[in-house]
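Close look at the chain arrangement
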Amino acid sequence: MSFKKQDIYNALETITAPGEGKSLVENENVKNVVTFGNEVIVDVVIGNPTLQAKKKMETEIKKAIHQNVSDSVEVKVNVKAEVKPKEELNQIRGKEIPNIKNIIAIASGKGGVGKSTVTANVAISLAKMGFNVGVLDADVYGPSQHIMFDVERERPLSVKVDGRSKMKPVENYGVKLLSLGFFTNPNQAVIWRGPMASKALNQLIFDADWGEIDFLLIDLPPGTGDVHLSIVQALPITGAVVVSTPQNIALADAKKGVAMFQQEAINVPVLGIVENMAYFTPAELPENKYYIFGQNGAKNLAEDLETKFLGEIPIVQSIREAGDVGHPVALQNGTKLEESFKEITQEIVSQLLKRNENLPPTEVVRITTMSGCSTK
């Protein structure tokens, strides 16, 4: 069939521009349309740099043209991301810490979903992959990383760096760790207002001698509050990982957690969502799966929010037991659980590599070793 360029523009009028109430054409997202015989080339610019957003836009354009013009048209879509320059945004941005290449915030909208367990096991998986890793336990009111790493009785030492006294993180399993749990009485509640908690965190961040670190994981408290804002103000977060369980109550809060990082003033890329407690597998029936909290909740949420689903972790008694005794399951070589955390960790690194390809140079992620990860 024959068609005109205007037919293509009319088809593109049926697609709403991301984050706008206007069509792609009206919002001037369509930069050029070229028609040649039965072929169409569409050049589009969007503001979301993620691979998922680009793929979704490409799919929507092809579908609109095939439905409104002809399904025999060969469509090529070139999607380019143009991120608003930082100087045009009133962004909350902190200063870099020398020698720390990537900072990943691990968050959850709701407490009790296993965020700290995921943090500990991802940190150990990264260390086993050959990276230099640090963990900052920023869960001010309920620190737990010092227990999970079996260093509950340890204390950071004081060292001199360039004439200044700094804290040397405690190290175990190849991971450097600082936690407020080292400095608080385990039998007493931490009753601090926001400014006091923020000041304590700043000391852990900037008064520490982290050394050379490829990844610093920050175990954030649940919710969206003072501590989260303090962290993004103090540090240039490379990306965020959100942990949730499958049920609707947890997903509603996880959605808010993702929205917090996507706020224009914060603008931290969300690398993806991890679904913890995805299903129950009894030890005597290892092939059986019982979806106690629902099925694919976090996976569907990731699709809705156009972010990556990083993987799922089952409810297994040994995960809890391993964390309680300070020997996370990622240390258990050759097990299914170790493999699960390894795959999730590789997905996180892969998303960082993709972020490096799609964001401006000022946000470049410096990763020099792939360790089995790719951008495919």
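We now turn to the structure provided with this report. (Residues numbered from 1 in each chain as written. Predicted model: local features only at pLDDT ≥ 70, side-chain atom pairs only at ≥ 80, totals over all residues. Heavy atoms only, no water.)

What to know about the layout of surface pockets
Test applied: Only protein atoms enter the 1 Å grid, on which a cavity is a set of points fitting a 1.4 Å probe that cannot get out and a pocket is an open set with protein on both sides within 12 Å along at least 5 of 7 lines, lining residues being those with an atom within 4 Å of a point. Grid points are joined across faces, edges and corners, and a volume is the space filled by probe spheres set on the points. Starting at the N terminus, helices and strands are each numbered in turn, a helix being any DSSP run of H or I of at least four residues and a strand any DSSP run of E of at least two.
One number sums up the size of the second largest pocket: a volume of about 520 Å³. Lining the second largest pocket are 22 residues, and of these Tyr279, Pro314, Lys336, Leu337 and Ser340 lie nearest its centre. At the level of secondary structure, the elements contributing two or more residues to the lining of the second largest pocket comprise strand S13 (309-312) and helix H10 (336-358). Ranked by residues supplied to the lining of the second largest pocket, first place goes to H10 with seven residues.

A closer look at the packing of helix H7 (residues 248-262) against helix H8 (residues 297-304)
Convention followed: Each axis is a line fitted through C-alpha atoms, taken for helices only over the stretch in contact, and angles between the N-to-C directions span 0 to 180 degrees. Two helices that cross are described as forming a left-handed crossing if the nearer one is turned anticlockwise from the farther one by less than a right angle, and a right-handed crossing if clockwise. Whether two residues are in contact is decided by their heavy atoms, any of which lying within 4.5 Å being enough. Amino acids are sorted into nonpolar (Ala, Val, Leu, Ile, Met, Phe, Trp, Tyr, Cys and Pro), charged (Asp, Glu, Lys and Arg) and polar (every other residue, Gly among them).
Running from amino to carboxyl end, H7 crosses H8 at an angle of 35°, the nearest separation of the two axes being 10 Å. In this structure, H7 meets H8 at a crossing whose hand is right-handed. Counting all contacts with H7, which are made through Leu251, Ala254 and Lys255, the residues of H8 involved are Gly297, Ala298 and Leu301. Looking at the contact of H7 with H8, its residues break down into four nonpolar, one polar and one charged.

Brief notes about helix H2 (residues 51-68)
Selection rule: Here, expected helix span is obtained from the residue count minus one, scaled by 1.5 Å. Categorising residues by exposure relies on relative accessible area from a 1.4 Å probe, with only protein chains included: less than 20% of the type maximum marks a residue as buried, more than 50% marks it as exposed, and the intermediate range marks it as partly exposed. Directions pointing from the helix axis toward each C-beta atom define the arc.
Given a rise of 1.5 Å per residue, 18 residues ought to cover 26 Å, and the 26 Å separating the end C-alpha atoms of H2 matches this to within 8%. The set of residues buried in H2 consists of Ala53, Lys54, Met57, Ile61, Ala64 and Ile65. Down the axis of H2, the smallest arc covering the buried residues is 100°, so these residues share one side. Of the residues in H2, the exposed ones pointing more than 90 degrees away from the buried face are Lys55, Lys63 and Gln67.

Quick look at the sheet that holds strand S1 (residues 30-36)
This is how the line gets drawn: Two strands pair if DSSP finds at least two bridges between them.
Pairing is mixed in the open sheet, where three strands are placed in the order S1-S2-S3. Each edge of the open sheet is held by one strand with a lone partner, namely S1 and strand S3 (74-81). Strand-to-strand twist across the sheet, computed as the mean angle between neighbouring axes with direction ignored, equals 10°. Pairing geometry for S1 and strand S2 (residues 39-46), over six bridges, is antiparallel.

Quick word on the pairing of strand S11 (residues 239-244)
Across the six residues of S11, six count as buried, placing the element largely inside the fold. Every second residue of S11 is oriented toward a common face, with Gly239, Val241 and Val243 on one face and Ala240, Val242 and Ser244 on the other, all of them buried. Judged from the four bridges that link them, strand S4 (residues 100-107) and S11 form a sheet pairing that is parallel. Pairing of isoleucine 104 across the sheet is with glycine 239, part of S11. Relative to strand S12 (residues 270-275), S11 runs parallel, the two being bridged by five bridges. Counted as the bridge partner of serine 244 is glutamate 275 from S12.

With respect to the side chain of asparagine 121
Note the threshold: Two N or O atoms form a polar contact when they lie within 3.5 Å of each other; inside protein one atom must be a possible hydrogen donor and the other a possible acceptor, and for residues adjacent in sequence the pair counts only when both atoms belong to side chains.
In this fold, asparagine 121 is placed in helix H3 (residues 115-128). At 2.8 Å, the side chain of asparagine 121 forms a polar contact with the backbone oxygen of threonine 117. Setting aside its immediate chain neighbours within four residues, asparagine 121 contacts Pro328, Val329, Ala330 and Phe341.

Some words on the packing of aromatic side chains
Put simply, the rule reads: Centre distance within 6.5 Å is the pairing criterion for rings of Phe, Tyr and Trp, where only the six-membered ring of Trp is used; planes under 30 degrees apart are then read as stacked, over 60 as edge-to-face, and the remainder as tilted. Charge-over-ring contacts are defined here by two conditions on Lys NZ or Arg CZ: a distance within 6 Å of the ring centre and an angle within 35 degrees of the ring normal.
Considering all chains together, one arrives at four aromatic pairs under this definition. A ring pair is formed by phenylalanine 131 and phenylalanine 215, whose centres lie 4.9 Å apart and whose planes are at 85°; its orientation type is edge-to-face. With a gap of 84 residues between them, phenylalanine 131 in the loop between H3 and strand S5 (133-137) and phenylalanine 215 in strand S10 (residues 213-219) connect regions that are remote in the sequence. Of the residues examined, phenylalanine 215 reaches a relative accessible area of 0% and is grouped as buried. Judged by centre distance (5.8 Å) and plane angle (65°), the ring pair of tyrosine 279 and tyrosine 291 falls under edge-to-face. Linking tyrosine 279 in the loop between S12 and H8 with tyrosine 291 in the loop between S12 and H8, this pair joins segments that are 12 residues apart in sequence. For tyrosine 279, a relative accessible area of 11% gives the class buried. Among the residues examined, tyrosine 291 registers a relative accessible area of 33% and is labelled partly exposed. The ring of tyrosine 279 carries lysine 289 above its face, with NZ or CZ at 4.6 Å from the centroid.

Here we look at the sheet that holds strand S9 (residues 175-179)
One open sheet accounts for eight strands, arranged S8-S9-S5-S10-S4-S11-S12-S13; its pairing is mixed. The strands lining the two open edges of the sheet, one partner per strand, are strand S8 (170-172) and S13. Between one strand axis and the next, the sheet turns through 25° on average, direction left out of account. In terms of strand pairing, S5 meets S10 through five bridges, oriented parallel. Counted as the bridge partner of valine 133 is phenylalanine 215 from S10. Against the sheet, H3 contacts S4, S5, S9, S10, S11 and S12, and its axis sits at roughly 170° relative to S10. Here H7 sits on the sheet and contacts S4, S11 and S12; the angle it forms with S11, its principal contact strand, is near 170°.

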